[in-house]
Amino acid sequence: MLVEKYKNLSLDSSVYAYEIGMDYIDVQFYDGSIYSYSYRSAGSFNVEQMKCYAQAGNGLGSFIQRKVRKSYEFRKN
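All residue numbers refer to position in the chain's written sequence, counted from 1. Under the rules for a predicted model, residues below a pLDDT of 70 receive no local features and side-chain atom pairs below 80 are neither given nor counted, while totals for whole chains, interfaces and linings still include all residues. As a rule here, side-chain values come from all non-hydrogen atoms in the structure, and water together with hydrogens is ignored.

Trainee: Would you mind going over the pattern of salt bridges with me for this structure?
Mentor: Where charged atoms from two side chains of opposite charge approach closely, those side chains can pair. Note on definitions: salt bridges are taken to be side-chain nitrogens of Lys or Arg within 4 Å of carboxyl oxygens of Asp or Glu. A full pass over the atoms with the stated rule returns three salt bridges. With a shortest N-O distance of 3.0 Å, K76 and D26 are connected by a salt bridge. Pair noted here: K76 is in strand β5 (residues 74–76) and D26 is in strand β3 (residues 24–29), with a separation of 50 residues, a long-range link. Classification of residues uses two cut-offs on accessible area relative to the type maximum, computed with a 1.4 Å probe and protein chains only: under 20% is buried, over 50% is exposed, and between them is partly exposed. Relative accessible area serves as the criterion here: at 30%, K76 is assigned to the partly exposed category. Overall, D26 belongs to the buried group, its relative accessible area being 4%. Runs of E in the DSSP output that reach at least two residues are strands. Runs of H or I that reach at least four are helices, and both are numbered from the N terminus.

This is the structure we're talking about:
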């Protein structure tokens, strides 16, 4: 279980929770899978965008689908 529950303001996101680190973001989906996106795997700009979407509670799932879907560093679970 990750630290911050995603607000899901659009009410249709597959993102359940997230955890932000200095150079990464871990994203947990409703199916329980956790993906870690880092500066190294997805690029610093994309990770910083993901952090903003996560904190806003809107747009994170869509951004992942459009921009970084397979650019995760590793999958947990």
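Trainee: Honestly, the environment of D12 in this entry has me stumped. Any pointers?
Mentor: Tracing the chain through its elements places D12 in the loop between β1 (4–5) and β2 (15–20). Residues D12 and F29, spaced 17 residues apart in sequence, show a C-alpha to C-alpha distance of 12 Å. We define a polar contact as two N or O atoms separated by no more than 3.5 Å, with the added condition that, inside protein, one atom must be a possible hydrogen donor and the other a possible acceptor, whereas residues neighbouring each other in sequence contribute only through side-chain atom pairs. A distance of 2.7 Å separates the side chain of D12 from the side chain of S10, its partner in a polar contact.

Trainee: Sorry if this is basic, but what is going on with the packing of aromatic side chains here?
Mentor: Aromatic ring pairs are defined here through the distance separating the ring centres and the angle between the ring planes. In this analysis, rings of Phe, Tyr and Trp, with Trp reduced to its six-membered ring, are considered paired at centre separations within 6.5 Å, and the interplanar angle assigns stacked below 30 degrees, edge-to-face beyond 60, and tilted for intermediate values. All chains considered together, the criterion is met by five aromatic pairs. Taking 5.7 Å as the distance between ring centres and 80° as the angle between the ring planes, the aromatic pair formed by F29 and Y35 counts as edge-to-face. For the pair Y35 and Y72, a centre-to-centre distance of 4.7 Å together with 75° between the ring planes defines the contact as edge-to-face. With Y35 in strand β4 (residues 34–38) and Y72 in the loop between α3 (60–68) and β5, this pair connects stretches of sequence that are 37 residues apart. On the accessibility criterion, Y35 (17% relative accessible area) is buried.

Nothing here speaks to function; it is geometry throughout.
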